[in-house]
Every structure is written in structure tokens, then in C-alpha cells.
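# Analysis of the macromolecular model
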Amino acid sequence: ALRDTQLAVLRWSDAASAYLDRDGRPMELPTLGDPSRAVTYIDDDGRPYAAVVHDALLAEERSIVASIANAARQAVHGDDLRAVIGSTSAELAELPSGDVTLLFSDIEDSTGHLQRLGLGYADLLARFRSVVRDAIREHGGRQVDVVGDEFLAAFASPAAAAQAAVTIQRRLRAQAEERPLAVRIGLHRGAPTLTPSGYLGLDVHRAARIMSAANGGQILVSEAVAAAAEGDRSEITVRRLGAHALRGLDAPVEVAMIGAPDLESPSTPIRAERAANGSA
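Residues numbered from 1 in each chain as written. Predicted model: local features only at pLDDT ≥ 70, side-chain atom pairs only at ≥ 80, totals over all residues. Heavy atoms only, no water.

### Details of the pattern of salt bridges
In plain terms, the rule: When a carboxyl oxygen of Asp or Glu is within 4 Å of a side-chain nitrogen of Lys or Arg, the pair counts as a salt bridge. Strands here are runs of E lasting at least two residues and helices are runs of H or I lasting at least four, both read from the DSSP assignment and numbered beginning at the N terminus. Exposure classes here rest on a 1.4 Å probe applied to the protein chains alone. A residue is buried below 20% of its type maximum, exposed above 50%, and partly exposed in between.
Across all of its chains, the model carries 11 salt bridges by this definition. Among the salt bridges present, the one from Glu94 reaches Arg142, with a minimum N-O distance of 3.1 Å. Remark: Arg142 occurs in strand β6 (residues 142-147) and Glu94 occurs in the loop between α2 (90-93) and β5 (100-107); sequence separation between them is 48 residues. For Glu94, a relative accessible area of 43% corresponds to the partly exposed category. What you see here is one network of salt bridges that share partners, running through Arg170, Glu235 and Asp262.

So, in C-alpha cells, the structure goes:
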């Protein structure tokens, strides 16, 4: 309707610190040196939400710019709603309930990778997602959510979740050309509430905080997962680190680092303070 065949609607990603196209690729916005193109930014309560790249001549008409912004907001919001609806149908029914082990993972310094690689970051992100998805599926887990480089998966078996985490780190190191992609992984076993919008509850936050305490290349787990990994009689190694105070949680959490004989974890201290009365 606007007769602009190059018009593009982009979605903001906190994880990538960039505006992404429909395929999840970071897009470079027009610069001041390109007078033919303009950007209309759309926020959500003051936070970046979307952007529309369009013919600069359209920016001269405020009513047209407002119409562009409203239409784009509805389009992006519609995509968000369809994503939620999709996850609440057959996929939601397949998620484990009751005793569940949650796996959180993300790429350490993802913004640094984006700045270094530019549009090449999309290829790195695609490879990372493929490795994580394959490992989750092979070990009986279910993908719950993915935003940028952040993954959330659920497992009925804590031992299987631990094996999936080791598989992810092992494969990322095997495919590294120069240096392994530094990925943080956190596991926690609990009983989150399964709702039409996904998992809710303090156990979800514990799992996320455990991951946040890890450095790239490390796998941190709560005590229940560590015990299950030891009882599985697999090749997984367990090193208990004691109780640590994790950001946002009132009570300290007993954490351990897991790995394998051929998968040495970085010796960098984890990103959490040891609890005053924590056990060794």
C-alpha cells in the first residue's frame, strides 16, 4: 500500500542487542549516509520492541508514520501471540510435569560475538541452536523456549538432563575451529507449575540463577541433579562446590559442577559468592 518494496519490519532482541529479521538474523539499520531510507522505532513501555525500515519520503507525513508504527506493532504482537498459541497446543501437552529437571543455557559474551561477526553472528547462532536442539532430543528432553541464544528445556530424568548438558559442551568443542563457543549451562530439579504459558515457580528461577553463576564452558547443577548423575553410573564426573548465594534467591543453593573425563571444565571461579555457612 505504501509502494515501498524494500519496507522491512524488524523485531528487537535483548539477547542479540540488535534488531532481527523474520529469520532471526541481525540487520544493520540505515546510516545517515543513506538519505533514501528512514527508520521508525517502536517501543514497549520505553523498551525497544520493533523497527520499520522504509522510504525516507514517508517520514515527512506524520500520519503515515503513525500508521506504519501501529500496523507494525500489531503485526509483531500477532506473531508473539501465535508463538504462544503454538506452544500451548500439542507441544505443551508433551512437556513433563511433576518432578522436572530444567536446563538453561546461553552463549557467554553474545554481544561481543555479534560485534565481532556482524551478520555472520546469525550463522554462529544457527549452529549453536542445532547442537542444543539435537542433544535435547537425543536425551529425551523437550524444548520449552528459545530467545536469541537463550535455551530452556525440560527433562523427566535428571540423569538424562545431565547427559544432554555434557553432550552439548562436548559437541561445541569438537566443532570449534579456533576456540570453543563459550556456553553456560545450568540444571535444577524441582516441581515447577506447568501452565498454558509454560513453567512457573521458584524452581524456574533457581535453574536460571544456577546457569547465571556459570562461566562459559561450565555446567552447574543443583544437588538433586548431582546426586542423580552419580547414581546413573555413567561417565559423568561431579565436583561439589558447596552452598552459594545466588542473585535474587533468599536461601543459599548447594551447587556442583559436572563434566566428563574428556571434558575438562574451565577452572575460573563461578560467578557467585560462597554462603557463610556453606558446606565444603
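Further notes follow.
### Observations concerning the environment of Ser97
Looking at where Ser97 falls in the secondary structure, it is placed in the loop between α2 and β5. For Ser97, a relative accessible area of 53% gives the class exposed. As a C-alpha pair, Ser97 and Phe155 span 58 residues in sequence and 9.2 Å in three-dimensional space.

### Thoughts on the nonpolar core
The criterion, for reference: Among buried residues, those of type Ala, Val, Leu, Ile, Met, Phe, Trp, Tyr and Cys that are joined through side-chain atoms within 4.5 Å constitute a nonpolar core. By the convention used here, residues are in contact when the closest approach between their heavy atoms is within 4.5 Å.
One finds Ile107, Phe128, Phe155, Ile185, Leu187, Val221 and Ile258 to be the most contacted residues of the largest nonpolar core, which totals 38 residues. Dropping the residues within four chain positions of it, Phe128 is found in contact with Ser105, Ile107, Asp149, Phe151, Leu181 and Val183.

### Some details on the sheet that holds β5
Counted only if it meets this: Paired strands, as defined in this entry, are two strands with at least two bridges between them according to DSSP. Helix axes are fitted to C-alpha atoms over the stretch in contact, other axes to C-alpha atoms as well, and angles between N-to-C directions run from 0 to 180 degrees.
Taken in spatial order, the 8 strands make up an open sheet running β6-β7-β5-β8-β11-β13-β12-β14, and their pairing is mixed. Looking at which strands have only one partner, the edges of the open sheet turn out to be β6 and β14 (273-274). Across 7 bridges, the pairing between strand β12 (residues 237-245) and strand β13 (residues 253-259) is antiparallel. When the sheet's bridge partners are listed, Thr237 is paired in β13 with Gly259. Of the strands in this sheet, β5, β7 (150-155), β8 (183-190), β11 (219-222) and β13 are in contact with helix α5 (residues 158-174), which crosses β8 at around 175°. Along the sheet, helix α6 (residues 202-212) makes contact with β5, β8, β11 and β13, crossing β8 at roughly 150°.

### Here we look at the packing of α5 against helix α7 (residues 223-231)
Here is the rule: Angles are sorted into four bins: roughly parallel if under 35 degrees, roughly antiparallel if over 145, roughly perpendicular if 65 to 115, and oblique for all others. Following the grouping adopted for this structure description, the nonpolar residues are Ala, Val, Leu, Ile, Met, Phe, Trp, Tyr, Cys and Pro, the charged ones are Asp, Glu, Lys and Arg, and the polar ones are all others, Gly among them.
Two elements in contact, α5 and α7, have axes whose closest approach is 8 Å; the angle formed by their N-to-C orientations is 85°. Taken together, the axes of α5 and α7 are roughly perpendicular relative to one another. Packed against α5, whose contacting residues are Pro158, Ala159 and Ala162, the element α7 presents Val225, Ala228 and Ala229 at the interface. When its residues are assigned to classes, the contact of α5 with α7 shows 6 nonpolar, no polar and no charged.

### Focus on helix α4 (residues 121-138)
Each α-helix winds once per 3.6 residues, and so residues spaced three or four apart point in a common direction. Rule in force here: Each helix should span, by expectation, one fewer than its residue count multiplied by 1.5 Å.
With 18 residues, α4 should reach 26 Å at 1.5 Å per residue; the first-to-last C-alpha distance of 26 Å fits that figure. Among the residues of α4, Tyr121, Ala122, Leu124, Leu125, Phe128, Arg129, Val131, Val132, Ala135 and Ile136 are the ones counted as buried. Buried residues in α4 make contact with β5, α3 (110-117), β6, β7, α5 and β8. At the C-terminal side of α4, Gly140 shows a positive phi close to 80°.

### So, the confidence of the model for the chain
Put simply, the rule is: pLDDT expresses how confident the predictor is about each individual residue, on a scale running from 0 to 100.
Mean pLDDT over the chain works out to 83, with 81% of the residues at or above the 70 mark. Mean pLDDT across the elements of the chain ranges from a minimum in helix α1 (residues 62-87), with 59, to a maximum in β11, with 98. Long-range and interchain partners of residues 81-90, a stretch whose pLDDT sits below 50, account for 5 contacts in this model, where long-range means more than four residues apart.

### Observations regarding the pairing of strand β1 (residues 8-13)
Judged from the 4 bridges that link them, β1 and strand β4 (residues 47-55) form a sheet pairing that is antiparallel. Within β4, the position partnered with Ala8 by the bridge is Val53. Two elements, β1 and strand β2 (residues 18-20), share 3 bridges in a ladder whose sense is antiparallel. Paired with Trp12 across the strands is Tyr19, a residue of β2.

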